[in-house]
Amino acid sequence: MADPTDPHAPNVEPSNDRRLSLVGDWTLIAQRQLEAKAQQIVDRGKLAQALTLDLGGVTRLDTAGAWLINRARRQLAEAGVNVEINRARAEYLTLLNETSYRDFGPKSRPRPLLTLDLIADLGESVVIGCNEFYRGVSFLGEFAATLVRVVVAPSRFRLTSLVYHMETMGLRSAPIIMLINFLVGGIVAQQGIFQLQRFGASSYAVNLIGILVLRELGVLLTAIMVAGRSGSAITAEIGSMKMREEIDALSVMGLSTGEVLILPRILALVLSLPILTFIADMSALAGGMLTSWTYGGISPVAFLSLLKGAIALRTFLVGEIKAPFMALVIGLIATMDGFATRGSAESLGRQVTASVVKSIFMVIVLDGLFAIFFASIEY
Amino acid sequence: MTTPSPFPTSTNPAEDRESIISVRDLVVGFGDKLVMNGLDLDVYRGEVLGFVGGSGQGKSVLMRAILGLTPARGGSIRIFGEDRDNLPLDRRRLLEQRCGVLFQNGALFSGLTVKQNIQMPMRETRDLSPRLMDELAMLKIELVGLRPDAADKFPSELSGGMVKRAALARALALDPELVFLDEPTSGLDPIGAADFDELIATLQHTLGLTVFMVTHDLDSLFSICDRVAALGDGKVIAAGPLRELIESSHPWLRSYFHGVRGSRLTAGVAARGDA
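Residues numbered from 1 in each chain as written. Chains lettered and ligands numbered in written order. Predicted model: local features only at pLDDT ≥ 70, side-chain atom pairs only at ≥ 80, totals over all residues. Heavy atoms only, no water.

Along chain A, the regular secondary structure elements total 12 helices and four strands. Relative to its length of 379 residues, chain A is extended, with a C-alpha radius of gyration of 36 Å against a globular reference of 21 Å. Its C-alpha atoms give chain A principal-axis dimensions of about 105 × 60 × 45 Å. The contacts of chain A with a sequence gap of at least 6 include a subset with a gap of at least 24, amounting to 81%. Summing over all exposed atoms, chain A offers an accessible surface of approximately 19,800 Å²; the carbon and sulfur share of this is 64%. In chain A, which carries 33 positive and 32 negative side-chain charges, the distance between the mean positions of the two groups comes to 2 Å. (Helix = DSSP H or I, 4+ residues; strand = E, 2+ residues; numbered from the N terminus. Rg over C-alpha atoms; globule rule 2.2 N^0.38 Å. Contact = heavy atoms within 4.5 Å. Areas by Shrake-Rupley, 256 points an atom, 1.4 Å probe, with all protein chains shown as cover. Lys, Arg positive; Asp, Glu negative; His and termini not counted. Charge placed at Lys NZ, Arg CZ, Asp CG, Glu CD.)

Rendered as structure tokens:
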């Protein structure tokens, strides 16, 4: 577009050393060429004592062109050159008046020292971390208080909402959880059989699958999946409600956000996750059974009798008991991050990411704590 | 007169005036409901066209159809004499850069400051020095009547009126010839709305804009619109200078201009006409 052969391109034509004729389209389309031409006015003008700008040849003028002409006039005025505008159309004069040069002040604050920035950032993130923890604890307290209120007055409990959330977060995530656990069960069985075959102990792969899946893998994979799938959805839902002032609308109606939004979601998670964990355990065992049959030649009947010898009810319970706690952590982090959303789309994205990352991290930390706990009580 | 003046003084749609938007026989529908059914509309260079119609009649849909955001089922839309849908992509982009749009809720990018919002179209479509971009953004901010300290604020920190002004500044970033305004004064107090009307009128005169304004605000129609078009039953039921519409016998127009709110203002217009 900034083609110099373009007949509409802006140009500066000196008539004599005191008169410059501007021709062409002085518009933003010309881009940097426009800026260069405005600079030419200044360069040529500085050679003269007084200058007349002839705008008779300007075919189009927009705010950018007018601004640049005004800026050139100001620069010349500062250099002691008197500039006059000549033969400008009436509408160009209005535009030139509207865009008269003004100084907008310094563009940006000077940057402070880099090391100071780094230390300040470090301090800020420590404070943010502490605040986050404090908010988490207070949020947990709020949730407990809401729970007590609802237990005392059960009519305030929203059953429909709970069922709806159990459907979206529980029932609808069952297929994907079944699939991934089936695959992981199969993969663990396959590796178990390959490694244990060297010792002639491939049938012990059944013990490996049974204990690993029931105690750890089933619940962990389910919790991570739910954190990614439902935790993110909760944060995004509550976050966008916050952005559109829906949360404020709820509270001015005298409704408690805790009862309407938080409790049904967290309860739905707490009730769904153990059920999902059971489904996950069964799928993983089925996957393991199928792989043991194909790779280890262990028939399903033999698999089941070996499994019966390897696990007890408590193996299953160790996994199950972790599920509601993990659900609580996921739900609390997701709702809390949703409420922390500010006005922008960017902030919503940041909160959803933070919610998923934090809940997956916390689920794994919680699993580790439980492992230590069960080991020390020798359960 | 073959070359149209960018600043027409006449408010009459003379036949020889250049039509910037020309919509012919437009059909737009959702599902089996037709929102536009054979709609014809012309917007001439240099005028402010006010577009009125009952709620839910599809004023915004028409604006979106002209902008190419809602697909049309039939008919033709020509902007600057060109059929946008059949243009090659690069020509189409150039055409779109000649239009500025003020959406009803501003549609400012929430992750960018006001200044960055205004610079966004310049940065993406023009090669300019950072200094000039900064200066032009600040100039637009002043032109729309925002204080310079609004430049570094995020949209969520602005009041409703400031959002409208900032969105207008963004719509004007590339000095468009044609500006679409979707209910520019809705949600503003009467003083703010009057200021905004005046601002649009000033900018229209200074920059020689053509304005397509969807509005419910009777005051805006009276104070700044050269012509008014009314939408009803998927068609333009009347288009012309306001006086013509006020005197029209169409039942909807009668209740619009001679209802409780309308008659107060039409009386004012009549009084002004007599004076």
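Working definition: two side chains of opposite charge can pair if their charged atoms are close together. Residues and elements named next belong to chain A. With the rule as written, the count across this model stands at 30 salt bridges over all chains. One salt bridge in this structure joins Asp54 and Arg19, with 3.5 Å as the shortest N-O distance. Separated by 35 residues along the polypeptide, Asp54 in strand 3 (residues 50–61) and Arg19 in strand 2 (residues 19–26) bring together distant segments of the chain. Arg19 sits in the partly exposed class, given a relative accessible area of 23%. Arg156 is the salt-bridge partner of Glu259, the closest N and O atoms lying 3.2 Å from each other. (Salt bridge = Lys/Arg side-chain N within 4 Å of Asp/Glu carboxyl O. Buried < 20%, exposed > 50% of the residue type's maximum accessible area, 1.4 Å probe, protein only.)

With that out of the way, let us pick up the interface of chain A and chain B. Taken together, the contact between chain A and chain B spans 27 residues of the former and 28 residues of the latter. Across the chain A/chain B interface, buried area totals approximately 2,600 Å², and carbon plus sulfur atoms make up 60% of it. Here Asp127 of chain B makes a salt bridge to Arg32 of chain A, at a shortest N to O gap of 2.8 Å. Summed over the shared surface of chain A and chain B, the result is 10 residue pairs in polar contact (both at pLDDT 80 or more). Elements supplying a minimum of two residues to the side of chain A that touches chain B: helix 1 (32–45), helix 2 (63–78), helix 3 (90–98) and helix 12 (345–376) of chain A. At six residues, the largest contribution of residues to the side of chain A that touches chain B is made by helix 2 of chain A. (Buried area = accessible area lost by both parts, 1.4 Å probe. Polar contact = N/O pair within 3.5 Å; in protein donor to acceptor, adjacent residues only side chain to side chain.)

With that settled, consider the pairing of strand 4 (residues 82–86) of chain A. Residues and elements named next belong to chain A. Sheet topology places strand 3 next to strand 4; five bridges connect them, and they run parallel. Across the sheet, residue Ala50 finds its bridge partner in strand 4, namely Asn82. In this fold, the crossover linking strand 3 to strand 4 by way of helix 2 has right-handed handedness. (Pairing = 2+ DSSP bridges. Right-handed = clockwise from strand over helix to strand, strands pointing away.)

Moving on, we get to a nonpolar patch on the surface. All names here are of chain A. The grouping of Ile176, Leu179, Phe182, Leu183, Ile187, Leu290 and Trp293 at the surface amounts to a nonpolar patch, some 660 Å² of accessible area in total. Counting residues per element, the ones that place at least two in the nonpolar patch are helix 6 (174–197) and helix 9 (257–296). In this structure, Ile187 sits in helix 6. (Patch = residues over 30% accessible without salt bridge, like charges linked within 9 Å, V, L, I, M, F, W, Y side chains within 5 Å.)

Right, let's get into helix 9 of chain A. All names here are of chain A. Helix length check: helix 9 (40 residues) gives 55 Å between terminal C-alpha atoms against 58 Å at 1.5 Å per residue, within 8%. The sharpest bend along helix 9 measures roughly 35° and falls at Leu263, with the proline Pro264 sitting one to four residues further on. By the criterion of burial, helix 9 is predominantly enclosed, with 28 of the 40 residues buried. Immediately downstream of helix 9, the backbone of Gly297 shows phi near 65°, a positive value. (Expected span 1.5 Å × (residues − 1). Bend = angle between axes of the 7 residues up to and from the residue.)

On to the nonpolar core. Counting residues in hydrophobic clusters, the biggest one holds 85 residues, and the most contacted among them are Leu22, Trp26, Ile41 and Leu53 of chain A together with Leu168, Leu221 and Phe257 of chain B. It is helix 4 (residues 130–143) of chain B that provides the largest number of residues to this core, a total of eight residues. The residues contacting Leu168 of chain B, other than those within four sequence positions of it, are Leu102, Val144, Leu181, Phe196, Leu199 and Leu203 of chain B. (Core = buried A, V, L, I, M, F, W, Y, C linked by side-chain atoms within 4.5 Å.)

Residue and element names in this part refer to chain B. Read from one edge to the other, the open sheet built from four strands follows the order 2-1-4-5, with strand pairing classed as antiparallel. Whereas interior strands pair on both sides, the edge strands pair on one side only; in this sheet they are strand 2 (33–44) and strand 5 (82–83). As paired elements, strand 1 (residues 19–30) and strand 4 (residues 74–79) share five bridges and run antiparallel to each other. When the bridges of strand 4 are listed, Val23 appears paired with Ile77. The strands that helix 1 (residues 59–67) touches are strand 1, strand 2 and strand 4; relative to strand 1, the one it contacts most, it runs at about 115°. (Axes fitted to C-alpha atoms, helices over the stretch in contact; angles between N-to-C directions.)

Looking now at the layout of surface pockets. Residues and elements named next belong to chain B. The computed volume of the second largest pocket comes to approximately 670 Å³. Glu96, Gln97, Cys99, Gly100 and Val101 are, among the 23 residues lining the second largest pocket, the residues nearest its centre. Listed by contribution, the elements that provide at least two residues to the lining of the second largest pocket are helix 1, helix 2 (89–97), strand 6 (99–102), helix 3 (114–125) and helix 5 (160–171). For the lining of the second largest pocket, the class distribution of residues is 15 nonpolar, three polar and five charged. Each of domain 1 (19–98 + 178–249) and domain 2 (106–175) contributes no fewer than three residues to the lining of the second largest pocket. (1 Å grid on protein atoms, 1.4 Å probe; cavity = no way out; pocket = protein on both sides within 12 Å on 5 of 7 lines; lining within 4 Å. Points joined across faces, edges and corners; volume = space filled by probe spheres on them. Nonpolar A, V, L, I, M, F, W, Y, C, P; charged D, E, K, R; others polar. Domains from an automatic or database assignment.)

Here we come to empty space enclosed by the protein. Residues and elements named next belong to chain A. A full pass over the atoms with the stated rule returns two cavities of 30 Å³ or more. Estimated volume of the largest cavity: approximately 50 Å³. Every residue lining the largest cavity is listed: Phe139, Glu142, Phe143, Thr146, Gly258, Ile262 and Leu263. Among the elements of the structure, helix 4 (114–152) and helix 9 are those that each provide at least two residues to the lining of the largest cavity. Looking at which element gives the most residues to the lining of the largest cavity, the answer is helix 4, with four residues. When its residues are assigned to classes, the lining of the largest cavity shows four nonpolar, two polar and one charged. One number sums up the size of the second largest cavity: a volume of about 40 Å³.

Further remarks concern the packing of helix 7 (residues 205–243) of chain A against helix 10 (residues 300–310) of chain A. Residue and element names in this part refer to chain A. Orientation of helix 7 relative to helix 10, taken along the N-to-C sense of each, is 60°, at an axis distance of 9 Å. By the angle between their directions, the pair helix 7 and helix 10 is classed as oblique. Relative to helix 10, helix 7 is oriented so that their crossing is right-handed. From helix 7, Val206, Asn207, Ile209, Gly210 and Ile211 reach across to helix 10, where they touch Phe303, Leu306, Leu307 and Ala310. Across the contact of helix 7 with helix 10, the residue classes tally to seven nonpolar, two polar and no charged. (Parallel < 35°, antiparallel > 145°, perpendicular 65-115°, else oblique. Left-handed = near helix turned anticlockwise from the far one by under 90°.)

Residues and elements named next belong to chain A. If you walk through the whole model with that rule in mind, you get 11 aromatic pairs over all chains. Aromatic side chains Phe278 and Phe316 sit 5.9 Å apart centroid to centroid with 80° between the ring planes, which places their arrangement in the edge-to-face category. Taken together, the residues span a long stretch of sequence, with Phe278 in helix 9 and Phe316 in helix 11 (residues 313–339) at a distance of 38 residues. Seen from their ring centres, Phe370 and Phe374 are 5.9 Å apart, and the 20° between their planes marks the pair as stacked. (Phe/Tyr/Trp six-rings, centres within 6.5 Å; stacked < 30°, edge-to-face > 60°.)

Interfaces are often sized by the accessible area lost when the parts come together. All names here are of chain B. We note that the domain assignment places domain 1 (19–98 + 178–249) and domain 2 (106–175) within chain B. Placing the centre of domain 1 and that of domain 2 at their C-alpha centroids yields a distance of 24 Å. Interface of domain 1 and domain 2: buried area, both sides summed, is about 1,100 Å²; carbon and sulfur atoms make up 70% of it. At the boundary of domain 1 and domain 2, one finds zero salt bridges. There are three residue pairs in polar contact (both at pLDDT 80 or more) connecting domain 1 and domain 2. Looking at the side of domain 1 that touches domain 2, the elements with two or more residues in it are strand 7 (178–182) and helix 6 (190–207). With six residues, helix 6 is the single largest residue contributor to the side of domain 1 that touches domain 2. Its residues placed into classes, the side of domain 1 that touches domain 2 shows nine nonpolar, three polar and two charged.

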